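# Close look at the chain arrangement
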Amino acid sequence: MSSATETSSSATNRQYVGESVPRREDFRFLTGTGTFSEDISLTGMLYASMVRSTLAHADIVSIDTEAARAQPGVVAVFTAADFGDQEMGTIPTDWTLPIMDGIPDRYPLARNAVKYVGEAVAVVIAETRAQADDATCFVDVEYLERPVVVDTEAAASEGAPLVHERYERNTSYLWHLGTGDWDTVAAAADHVVDLRLVNQRVHASSLEARVSIADYAVGTDSLTLYLGTQNVHVVRRNLSIAIGIPENRIRVVTPAVGGAFGSKLCLYPEDVVVSAVSRRLRRPVRWAESRAEHFTGTSGGRDHVEYVSIAADKSGKIQGLKVTTYANLGAYVSGMGAGIPVVSGMVFPGVYDIPVADVDIHGVFTNTSTTETYRGAGRPEATYLIERAVDELAAKIGIDRVELRRRNFIQPDQFPYSNATGMTYDSGDYEKALDKALDMIGWDKLLAEHDEARSRGRIVGLGVSVYTEFCGFGDAFQLQLVGFDRATWEQSVITVTRTGSVIVQVGIDAAGQGHETSIAQIVATELGLDIDDVEVLQGDTDIVHFGTGTFNSRSMSSAGSAAALAARKIMAKATRLAAHMLGVEIDDVAYESGVFVRRDGKGRQLSFEDVAVEAWRGVDLPEGMEPTLKEMAVFDPPAFTSPFGVHLAAVEIDPDTGAITIDRYVAVDDSGHLINPTLATGQIHGGVAQGIGQALYENLAWDEDGQPASASFMQYAVPRAHQMPQLETGHTVTPSPINPLGVKGVGESGAIGSQPAVVNAVMDAVRRLGVENLDMPLTPAKVWMALQEATK
């Protein structure tokens, strides 16, 4: 820290919030000095390899482990029968809807029956990973096959094979949302458009697969679990329930995480297995996921079949919306999996002022792996549904698609706005974002160019997507009514050291977002200090004792707000102490760029460090003041934030192959105030890439026997760099009124606006050729076949 004189002479009044400060995390990753879970090696560590079901549904008749136990290096082989419920119990969920028929027991190692290909039935423990992997081949499992159901609609039908025999049906719940009388509206409408849409299963496909390392300490009966997760505190709680060790004796640490996107938000079976085995063997145990296991065991996202009807009068004003959704939960309820379809339904009306909605959501079990949060978690599904429907409505009634949207937008003076399915949006100005996006892409000029291109036989199209979403997971009361079993608040603890540097603790967990940089920007700005004097700690339950984690783009609106509030407490205490040291009243103290002075200009100057030293000495403090500068603040958001934006795509289709090229892509997003514009733009880029991936390439599928059809990158296609367009991004700023920073959230926006923009562009290109509908992914083969059928 600088002395008072040095600080004063070099005062810059720098405001870090709003600046594109370079990511402080990058140096260690670019130099290879970052630590990921795979890099951790503990003395005496053993290696685990799972024996997994090769059938999608079967009773387990017997498991013979003798031959495996005899293999070189094998220390032990365990099945579910080797552990009691107190040692390896069922895996808790974080979202149980009150109308669910029940939650099927999900054991870390299958008991009695398997429900999907890839479910673990035994674990081999050996001195090396190769020895453990090899020995799994010697575990002999005898199965009795049972009927399989993979298709979600088929599973929901009467007489379908039951995934769980304890229930009378595969439909776990039917949740109704809505306001008004759809039948009356539809009967009176001038136009009704009906669509069936498939939002296919996709996968996070993170660069780093999952790794879990458990280390049990005999002397303290305590356990440390290292893993890449988005929520160390929820993992600690659920692990405590599963293995019977109190939370205060479990430490969960997440080192650097090589991508998560929602897939690393819950407690997985393997996390429990290695913990229980480490406790049994009293040695550290590590399990590292193979890529095949990643595709078959790590939860995917989306996987909805949706029937949507939209009713409008002759002017194009939308009068009502009806939706029936069949949402695939997989074989079990994972973490937050059950709640995602419901919150999706709450934003089905999107950015439009639709007075009537009638929504039924069926959560359905199938013999597939589980579904979970995946970037956007419900909002991409909702945006795709409404934006595809609005485009089809515009095409049917002959109203320009941009003009139709304008006619139906919620207006700025209507906020806060409660839609017909129960969601309240905090603020918005959709036309402003739309106008900016249209200007950036040169909409009118591009329309003319496309008309000219079509006259020469080219297949080109333009797509529009206007979205809103909800972030920050606010309104704890409302969420608890629908069974959400996590907190909505976030805390931050700030400690000022004796030398005036600052340590910030936050309960979120980074997976590439740049938390260390953006939280430091907030605190440095609030305290008037150099950003290099601020250290941010996260991802370790022994350092940060409580938190709610990273999901729903909540990090800045919740943790950032908590850090700002804690910093303001620090400043209030420091200012009071400075006034005492200067012999004046608090109102007579000014603070600028790390220096306290008297407003009258008399007397000495005090650096922030001077005040920190006095606070730590604790000798001459104001009456009633305790030593140190250390404060905690909790921010519990009273409501959700509502980011929004407009995405536009221009595409061309090769008539000979069906291949789609995205020629232009414009994204204008409104995330409220931006803490770091460069980081925000990076989040948009990543989200758009994943949205384009779903629109054009990605599909996590199973055949009718429940065998995975996408178990590697040979079958599961993701976009490569040369397939991505040059992204043109912009922002508008509509601050959120519900948090002290005015931020909204940006981590998922790109994944929400992109799919409908691309698909609408393709449909604009092929609709005039006779193609009525295409479901994602729009692969070359699918598009080519549709063109051939249309031209017969």
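Residues numbered from 1 in each chain as written. Predicted model: local features only at pLDDT ≥ 70, side-chain atom pairs only at ≥ 80, totals over all residues. Heavy atoms only, no water.

This brings us to the overall build of the chain. The secondary structure content of the chain amounts to 21 helices and 28 strands. Rg of the C-alpha trace for the chain: 28 Å, near the compact-globule value of 28 Å for 792 residues, within the 12% margin. Along the first, second and third principal axes, the C-alpha set of the chain runs to 90 × 75 × 45 Å. A buried classification covers 62% of the 792 residues belonging to the chain. For the chain, the share of sequence-separated contacts (at least 6 apart) that also reach a separation of at least 24 residues comes to 81%. When the accessible surface of the chain is summed, it comes to about 28,600 Å², and 50% of that surface belongs to carbon and sulfur atoms. Of the side chains in the chain, 65 bear a positive and 104 a negative charge, and the two mean positions are spaced by 2 Å. (Helix = DSSP H or I, 4+ residues; strand = E, 2+ residues; numbered from the N terminus. Rg over C-alpha atoms; globule rule 2.2 N^0.38 Å. Buried < 20%, exposed > 50% of the residue type's maximum accessible area, 1.4 Å probe, protein only. Contact = heavy atoms within 4.5 Å. Areas by Shrake-Rupley, 256 points an atom, 1.4 Å probe, with all protein chains shown as cover. Lys, Arg positive; Asp, Glu negative; His and termini not counted. Charge placed at Lys NZ, Arg CZ, Asp CG, Glu CD.)

We now examine the confidence of the model for the chain. Looking at the chain as a whole, the pLDDT averages 95, with 98% of positions reaching at least 70. Of the regions scoring below 50 in pLDDT, residues 1-12 engages in 22 contacts with residues more than four places distant in sequence or in other chains. (pLDDT = per-residue confidence, 0-100.)

It is worth spelling out the pairing of strand β25 (residues 629-635) at this point. Burial along β25 is one-sided: Leu629, Glu631, Ala633 and Phe635 are buried, and none of Lys630, Met632 and Val634, which face the opposite way, are. Here 7 bridges tie strand β19 (residues 490-496) to β25, and the two strands are oriented antiparallel to one another. Residue pairing for β25: glutamate 490 is matched across the bridge by phenylalanine 635. (Pairing = 2+ DSSP bridges.)

Together, Glu145, Asp703, Glu704 and Asp705 line one region of the surface with negative charge. Inspection of the secondary structure puts glutamate 704 in the loop between α19 (677-696) and β28 (727-731). Judged by relative accessible area, which is 69%, glutamate 704 ranks as exposed. (Patch = residues over 30% accessible without salt bridge, like charges linked within 9 Å, V, L, I, M, F, W, Y side chains within 5 Å. Salt bridge = Lys/Arg side-chain N within 4 Å of Asp/Glu carboxyl O.)

Attention shifts here to the packing of aromatic side chains. Applying the stated rule across the entire model yields 19 aromatic pairs. Ring centres of phenylalanine 295 and phenylalanine 713 lie 5.2 Å apart, and the angle between their planes is 85°; on these two criteria the pair is classed as edge-to-face. With a gap of 418 residues between them, phenylalanine 295 in helix α9 (residues 291-297) and phenylalanine 713 in the loop between α19 and β28 connect regions that are remote in the sequence. Look at phenylalanine 473 and phenylalanine 551: their rings are 5.5 Å apart centre to centre, the planes differ by 75°, and that puts the pair in the edge-to-face class. Of the two residues, phenylalanine 473 sits in the loop between β18 (459-468) and α15 (476-481) while phenylalanine 551 sits in the loop between β21 (534-537) and α17 (555-582), which places them 78 residues apart along the sequence. (Phe/Tyr/Trp six-rings, centres within 6.5 Å; stacked < 30°, edge-to-face > 60°.)

A few words now on the sheet that holds strand β15 (residues 356-365). Here we have 5 strands laid out as an open sheet, ordered β7-β15-β14-β13-β8, and mixed in their pairing. The sheet terminates laterally at β7 (171-179) and β8 (191-202), the two strands that pair on one side only. Averaged over all pairs of adjacent strands, the angle between their axes in this sheet comes to 10°, without regard to strand direction. By the bridge criterion, 9 bridges tie strand β13 (residues 301-312) to strand β14 (residues 318-330) in an arrangement that is antiparallel. For tyrosine 307, the partnering residue across the bridge sits in β14 and is threonine 324. Docked against the sheet, helix α11 (residues 379-397) engages β8, β13 and β14, running at close to 145° with respect to β8. (Axes fitted to C-alpha atoms, helices over the stretch in contact; angles between N-to-C directions.)

Mapped onto the fold, histidine 233 is located in helix α7 (residues 232-243). On the accessibility criterion, histidine 233 (6% relative accessible area) is buried. For the pair histidine 233 and valine 253, spaced 20 residues apart in sequence, the C-alpha separation works out to 9.5 Å. Setting aside residues no more than four positions away along its own chain, histidine 233 makes contact with Glu247, Gly507, Thr541, Val544, His545, Phe546 and Gly547. Polar contacts involving the side chain of histidine 233 include one to the main-chain amide nitrogen of glycine 547, which spans 3.5 Å. (Polar contact = N/O pair within 3.5 Å; in protein donor to acceptor, adjacent residues only side chain to side chain.)

So, about the sheet that holds strand β2 (residues 58-64). The 3 strands are arranged β4-β2-β6 in an open sheet whose pairing can be described as antiparallel. Each end of this open sheet is capped by a strand with a single partner; those strands are β4 (113-114) and β6 (140-145). Here 2 bridges tie β2 to β4, and the two strands are oriented antiparallel to one another. Following the sheet pairing, alanine 58 is matched in β4 by valine 114.

Attention now moves to helix α4 (residues 129-136). Of the positions making up α4, those classed as buried are Ala132, Ala135 and Thr136. In an axial view of α4, the angular spread of the buried residues amounts to 105°, which keeps them on one side of the axis. Check the buried side of α4 and you find it contacts β1 (46-52), α3 (66-69), β3 (74-79) and β5 (120-126). (Arc of directions from axis to C-beta.)

When two helices pack together, their arrangement is given by the angle between the helix axes and the distance between those axes. Running from amino to carboxyl end, α7 crosses helix α8 (residues 269-281) at an angle of 55°, the nearest separation of the two axes being 10 Å. Here α8 runs oblique to α7, going by the angle between their axes. Read as a crossing pair, α7 and α8 show a hand that is right-handed. Across the interface between the two elements, Leu239, Ala242 and Ile243 from α7 touch Asp271, Val272, Ser275 and Arg279 from α8. (Parallel < 35°, antiparallel > 145°, perpendicular 65-115°, else oblique. Left-handed = near helix turned anticlockwise from the far one by under 90°.)

This brings us to the packing of α11 against helix α12 (residues 401-408). The contact between α11 and α12 brings their axes to 9 Å, and the two run at 115°. In the packing of α11 onto α12, the handedness of the crossing is right-handed. Taking contact as the criterion, the partners of Glu387, Val390, Asp391, Leu393, Ala394 and Ile397 in α11 are, on α12, Arg401, Leu404 and Arg405. Looking at side-chain class alone, the contact of α11 with α12 contains 5 nonpolar, no polar and 4 charged residues. (Nonpolar A, V, L, I, M, F, W, Y, C, P; charged D, E, K, R; others polar.)

Turning to the side chain of lysine 264, a few remarks are in order. Mapped onto the fold, lysine 264 is located in the loop between β11 (250-253) and α8. Residue classification places lysine 264 among the buried positions, given a relative accessible area of 3%. With residues up to four places along the chain from it excluded, the contact list for lysine 264 reads Ser206, Glu208, Ala209, Arg210, Gly228, Thr229, Gln230, Val257, Gly258 and Gly259.

Between side chains of opposite charge, a pair can form as their charged atoms come close. Tallied over the full model, the rule gives 50 salt bridges. Among the salt bridges present, the one from glutamate 208 reaches lysine 264, with a minimum N-O distance of 3.3 Å. Taken together, the positions of glutamate 208 in the loop between β8 and β9 (211-217) and lysine 264 in the loop between β11 and α8 put the pair 56 residues apart, joining distant regions of the chain. Note on accessibility: glutamate 208 and lysine 264 belong to one class, buried. Residue arginine 568 is joined to glutamate 526 by a salt bridge in which the shortest nitrogen-to-oxygen separation is 3.0 Å.

On to the side chain of threonine 93, then. Within the fold, threonine 93 resides in the loop between β3 and β4. Excluding its chain neighbours within four sequence positions, the residues that come into contact with threonine 93 are Ile103, Arg237, Val333, Gly335 and Asp485.

Residues phenylalanine 415 and proline 416 are joined by a peptide bond in cis, for which omega reads -5°. You can see proline 416 is positioned in the loop between α12 and β16 (417-418). Even without being glycine, serine 593 reaches a positive phi, approximately 50°. Mapping serine 593 onto the fold places it in the loop between β22 (589-592) and β23 (595-598). Taking relative accessible area as the criterion, serine 593 reaches 16% and is therefore assigned buried.

Looking at where methionine 625 falls in the secondary structure, it is placed in the loop between α18 (608-617) and β25. Among residues more than four places away in sequence, those in contact with methionine 625 are Lys573, Arg576 and Leu577.

Inspection of the sheet shows β22 paired to β23 by 4 bridges, in the antiparallel sense. From the neighbouring strand, glutamate 592 faces β23, where its bridge partner is valine 595. Adjacent in sequence and paired antiparallel, β22 and β23 are bridged by 2 residues, among which serine 593 carries a positive phi angle near 50°.

Turning our attention to α7. For α7, spanning 12 residues, the distance from its first C-alpha to its last is 16 Å, which sits close to the expected 16 Å at 1.5 Å a residue. Where burial is concerned, most of α7 is hidden: 10 out of the 12 residues are buried. Burial in α7 covers these residues: Val232, His233, Val234, Val235, Arg236, Asn238, Leu239, Ser240, Ala242 and Ile243. Two residues or fewer after α7 comes glycine 244, characterised by a positive phi angle close to 75°. (Expected span 1.5 Å × (residues − 1).)

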